[in-house]
Amino acid sequence: MPVKKSHSQEIQKIRKAKQEWEKQLKNSEVQFPPRSAKFTTLSDMEVPLLSTPDDLVDSGFDYLRDCGFPGEYPYTRGVQRNMYRGKLWTMRQFAGFASAEMTNQRFKLLLKNGQTGLYTAFDMPTLMGLDADNPRSKGEVGKCGVSVSSLEDMETLFSGIPLGEVTTSMTINAPAIVILAMYLAVAEKQGVPREKVRGTLQNDILKEYIAQKEWIYPVLPAVKLVVDTIEYGTKNYPFWNTVSISGYHIREAGATAVQELAFTLADGLAYVDACLERGMKIDEFAPRLSFFFDVHNDFFEEIAKFRAARRIWARLMKERYGAKDPKSWMLRTHAQTAGVSLTAQQPHNNIVRVAIQALAAILGGTNSLHTNSMDETLALPTDDAVMIALRTQQIIADESGIANVVDPFGGSYFMETLTQKIEKETLTYIHKIDKMGGMVKAIEKGFPQAEIANSAYHFQRQLETKEKVMVGVNKYQAQESDKPLETLTIDHSVEVNQAQRLSELRRKRPAQAHKDTLRQVKEAAQQGKNLVEPILAAIKAYATLQEVCDTLRSIYGEYRETGSF
Amino acid sequence: MTNTTQTEQNKIRVLVAKPGLDGHDRGAKVIARALRDAGFEVIYTGLHQTPEMVINAAIEEDVHVVGLSILSGAHNALVPEIMSGIKKEGLTDALFIVGGIIPEEDIISLKKIGVHMVFTPGASLVEVVDYIRTHAPKRS
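In this text, all values refer to a predicted model and were calculated from it rather than measured experimentally.

**Some remarks on the nonpolar core**
Among the nonpolar cores identified, the biggest contains 198 residues, and A:Val178, A:Ala181, A:Ile535, A:Val548, B:Val14, B:Val65 and B:Val66 are the most heavily contacted of them. Considering each element in turn, this core owes the most residues, 12 residues, to helix α12 (residues 257–278) of chain A. Looking at this core, you find at least three residues from each of domain 1 (63–97 + 202–464) and domain 2 (500–556) of chain A. Not counting the four nearest positions on each side in its chain, B:Val66 is found in contact with B:Leu15, B:Ala17, B:Ala58, B:Ile86, B:Ala94 and B:Phe96.

**What to know about the interface of chain B and chain A**
With 30 residues of chain B at the interface, the matching set in chain A holds 33 residues. Broken down by secondary-structure element, the contributors of at least two residues to the side of chain B that touches chain A are α1 (26–37), α3 (75–88) and α5 (125–135) of chain B. For the side of chain B that touches chain A, the element with the most residues is α1(B), which contributes five residues. Residues that form the side of chain B that touches chain A fall into these classes: 13 nonpolar, 11 polar and six charged.

**A short note on the sheet that holds strand β4 (residues 199–201) of chain A**
Residue and element names in this part refer to chain A. Pairing in this open sheet of four strands is parallel, and the strands run β2-β3-β4-β5 from one edge to the other. Both edges of this open sheet fall to β2 (117–121) and β5 (240–241), since each of them pairs with a single strand only. Both β2 and strand β3 (residues 167–171) contribute to a ladder of five bridges, which runs parallel. Residue Leu118 lies in a different strand from β3, and its bridge partner there is Thr168.

**Notes on the sheet that holds strand β1 (residues 90–91) of chain A**
Residues and elements named next belong to chain A. Taken together, the five strands give an open sheet; going across it, the order is β1-β9-β8-β7-β6, and neighbouring strands pair in parallel fashion. Here the strands that pair on one side only, and so sit at the sheet edges, are β1 and β6 (243–246). Direction of pairing for strand β8 (residues 333–337) relative to strand β9 (residues 368–370): parallel, over a ladder of three bridges. The residue bridging Gln336 from the neighbouring strand is His370, located in β9.

**What about the domain arrangement of chain A?**
Its domain assignment divides chain A into domain 1 (63–97 + 202–464) and domain 2 (500–556). At the junction of the two partners, domain 1 of chain A supplies nine residues and domain 2 of chain A supplies seven residues.

**Some remarks on the environment of B:Glu41**
Residue and element names in this part refer to chain B. Counting through the fold element by element, Glu41 comes out in strand β2 (residues 41–44). Its 16 C-beta neighbours within 10 Å are what place Glu41 among the partly exposed residues. Taking the C-alpha atoms as reference points, Glu41 and Arg13, separated by 28 residues in sequence, lie 4.7 Å from one another. Setting aside its immediate chain neighbours within four residues, Glu41 contacts Lys11, Ile12 and Arg13.

**Observations regarding the packing of helix α16 (residues 349–363) of chain A against helix α17 (residues 383–398) of chain A**
Residues and elements named next belong to chain A. Closest axis-to-axis distance for the α16/α17 pair is 10 Å, and the angle between their directions is 45°. Viewed along their axes, α16 and α17 adopt a mutual orientation that is oblique. Here the hand of the crossing between α16 and α17 comes out right-handed. In this structure, α16 uses Ile351, Val354, Ala355, Ala358, Leu359 and Ile362 to contact α17, whose residues at the interface are Ile388, Ala389, Thr392, Gln393 and Ile396. Split by residue class, the contact of α16 with α17 holds nine nonpolar, two polar and no charged.

**Digging into helix α22 (residues 513–526) of chain A**
Residues and elements named next belong to chain A. Helix length check: α22, at 14 residues, gives a terminal C-alpha distance of 20 Å against a target of 20 Å (1.5 Å per residue), a fit within 8%. All of the buried residues in α22 are His514, Thr517, Leu518, Val521, Ala524 and Ala525. Projected down its long axis, α22 carries its buried residues within an arc of 120°, all on one side. Facing away from the buried side of α22 by more than 90 degrees, the exposed set consists of Glu523 and Gln526. Those residues of α22 that are buried are in contact with α23 (532–540) and α24 (545–556). Where α22 terminates, the next one or two residues include Gly528, which has phi positive at roughly 70°.

**Observations concerning helix α10 (residues 219–236) of chain A**
End to end, α10(A) covers 26 Å across 18 residues, agreeing with the expected 26 Å (1.5 Å per residue, within 8%). Within the span of α10(A), buried status applies to A:Ala222, A:Val223, A:Leu225, A:Val226, A:Val227, A:Asp228, A:Thr229, A:Ile230, A:Tyr232, A:Gly233 and A:Thr234.

**Examining the packing of helix α14 (residues 299–320) of chain A against helix α18 (residues 413–436) of chain A**
Residues and elements named next belong to chain A. Running from amino to carboxyl end, α14 crosses α18 at an angle of 60°, the nearest separation of the two axes being 8 Å. Our classification of the angle between α14 and α18 gives oblique. Read as a crossing pair, α14 and α18 show a hand that is right-handed. Contact with α14, carried on its side by Phe300, Glu301, Ile303, Ala304, Lys305, Arg307, Ala308, Arg311 and Ile312, involves Phe414, Met415, Leu418, Thr419, Ile422, Glu423, Thr426 and Leu427 of α18 and no other residues of that element. A breakdown of the residues in the contact of α14 with α18 according to their chemical character gives 10 nonpolar, two polar and five charged.

**A look at unusual backbone geometry**
Across residues other than glycine, the phi torsion is negative in most instances, and most of the peptide bonds are trans. All names here are of chain A. Going from Tyr73 to Pro74, the amide bond is cis rather than trans, its omega being 0°. Tracing the sequence through the fold places Pro74 in the loop between α3 (63–67) and α4 (83–86). In this model, Met83 sits at a positive phi of 40°, which is unusual for a non-glycine residue. By the secondary structure assignment, Met83 is in helix α4. The buried category is assigned to Met83, around which 22 C-beta atoms lie within 10 Å. One non-glycine residue, Tyr542, lies in the positive phi region at around 60°. Position of Tyr542 among the secondary structure elements: in the loop between α23 and α24.

**Some thoughts on the confidence of the model for chain B**
Mean pLDDT over chain B: 93, with 94% of residues reaching 70 or higher. Interface scoring of the predicted complex returns ipTM 0.91; its pTM is 0.95.

**Considerations on the pairing of β2(A)**
Here β2(A) lies mainly inside the structure; five of its five residues are buried. Residues A:Gly117, A:Tyr119 and A:Ala121 line one face of β2(A) and the alternating positions A:Leu118 and A:Thr120 line the opposite face, and both faces are buried.

**Describing the pairing of β6(A)**
Residue and element names in this part refer to chain A. Neither face of β6 is exposed, since Val243 and Ile245 on one face and Ser244 and Ser246 on the opposite face are all buried. With four bridges connecting them, β6 and strand β7 (residues 289–295) associate as parallel partners. Paired with Ile245 across the two strands is Phe291, which belongs to β7.

**Points about the environment of A:Ala132**
All names here are of chain A. Tracing the chain through its elements places Ala132 in the loop between α6 (124–127) and α7 (151–157). As a C-alpha pair, Ala132 and Gly164 span 32 residues in sequence and 29 Å in three-dimensional space. Dropping the residues within four chain positions of it, Ala132 is found in contact with Pro125, Ser137, Val141, Ser147, Ser149, Glu495, Gln498, Ala499 and Leu502.

**Looking at the environment of A:Val186**
Residue and element names in this part refer to chain A. Following the sequence through the fold, Val186 ends up in helix α8 (residues 176–189). The exposure class of Val186 is buried, given the 22 C-beta atoms found within 10 Å. Separated by 78 residues in the primary sequence, Val186 and Thr264 have C-alpha atoms spaced 31 Å apart. In this structure, Val186 is in contact with Met154, Glu155, Phe158 and Leu163, ignoring residues within four places of it in sequence.

Basis of the calculations
Residues numbered from 1 in each chain as written. Chains lettered and ligands numbered in written order. Predicted model: local features only at pLDDT ≥ 70, side-chain atom pairs only at ≥ 80, totals over all residues. Core = buried A, V, L, I, M, F, W, Y, C linked by C-beta atoms within 7 Å. Buried ≥ 20, exposed ≤ 12 C-beta atoms within 10 Å, placed from the backbone. Helix = DSSP H or I, 4+ residues; strand = E, 2+ residues; numbered from the N terminus. Domains from an automatic or database assignment. Contact = placed C-beta atoms within 7 Å. Nonpolar A, V, L, I, M, F, W, Y, C, P; charged D, E, K, R; others polar. Pairing = 2+ DSSP bridges. Axes fitted to C-alpha atoms, helices over the stretch in contact; angles between N-to-C directions. Parallel < 35°, antiparallel > 145°, perpendicular 65-115°, else oblique. Left-handed = near helix turned anticlockwise from the far one by under 90°. Expected span 1.5 Å × (residues − 1). Arc of directions from axis to C-beta. pLDDT = per-residue confidence, 0-100.

Below, the structure written as structure tokens:
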């Protein structure tokens, strides 16, 4: 065809001109030698000096096949046709500390200041399915998030917040089924119709074994509980995101961008397989699966990662599982700026890091975003620090002009080749995990855990040799010590009060109802039934978080990790 | 020491422990590996250890150094209990190190109760290795 011929002649001309340019480049480099022998991304992917149209020809890039149009398969350019012109990303700041009352106040502050969704952080005892008055909870209550031990706490947490009008995301995994039951019970008490209950349960237990390490049960029963919530949510709460398959913690634990993407998508595939095994149809549940990625320092690598993520997932869903509903193909994602990139040294610099990372997430087409506060490497954030982080998003949205155009990096020779490279390396990992028998098996072998530990150690070594730079830590250190930031401290009284409230609750609740309902939970677990409804009944009878989890512990046992490094 | 190579007997033994419910083990694992690479004998407890479990591990392994990694804010509750337990069991000369997110004022109070050193984010591996090499108790 003449068109094709002229295209290939054009490419030849570009190649020739490029060779000429490269000769000149050599001369220039005599005068200005490269600053480094090799230029790489944060994750050590080699970066070319320049990309040109012939690179895309060499890599076999096909615009319609590999990019297409926003809102259409394979969604490389985003999941909405008009992206942020229609609806901005959801600004969702993670919040949770001390008691339910205090977090409730923070929620109201954020909503008053233009935040559009709630995002709950729970403390370590809650994450581990322990009540605030358990001896193992000592010193941990309310420290890393809000303490929730019973439905009473959940009622306080959302008191005065109409749940039909906000979307709520909850970072909870091992005991996710119990916390979900508490949330649904509160929504029901508020009289919110089921189709108005919107939000996301993180509910991604596989990444706990891989990275975040807040687990309770062994892997298989834990996955069963995830499938229970997906099954129940899909049937009863049409706009509830049943799981948020999370790369964030994987990245924070030290993974590279490719490892983050590969392990997260492989976790997603494991849930899909488990749901299919349960007898669900792909297009019934896949539209409600959502994702959560980290957004780190390397600007281009991060944008490419989000673009590659959508393309890979869409193709897997369509080609591997035969999903027919476009909603099943769409990878919708939340993003959070990288906590691990923040420095305790010269903490105000973190505001700048967060702004750059937030830009990358938005240029990568995220659907929702949390921007870290500058003090999060020191403590939980103060109100002032949280406000700067939220304003950062609002400045990008309303002042920078970035939200007015869809995927401006699409078609960039460099961005498209980088997207392809990340896609290719991610698929190599996914195929490797497939060969091991899927992610559950890979976790049992310790494969992703070891890969991440290796990357974390490698990166630390690079910091020591200054091959990688952290401003204020291994370069441009302050001459004098930093002026300390005012940080948030959680008083010990939170733990004392929480324990006291819990013992009051145990005293005043009806004596028999929680026991009967817990017995029903146990029986249902023994029979392998879906546990959401029995747990909902127990929660409504004010059984505590730990009482429900202990009931399941007695059936499933507990997970133990061999402490390897 | 006059001999050129360290024998197994006089290797410095370091316990790297993760007490409490905190799951952040990136730092502990990186440190454990760096200490091993530096020639120390490293015992890593794994996650979610109760104070009692850490005390038992320190005593059983008769370690020279106890390194506690805590990023959840529970250090004020956990560190004193572990330290006094280990001392009570007779390991009185051990070097106590804490690593993690520890606010300035807590570093002061931890040092008051006998923690020898606190490393916070940004500390280099070389710093930690050198500190242990210099300060670990010498036992015959």
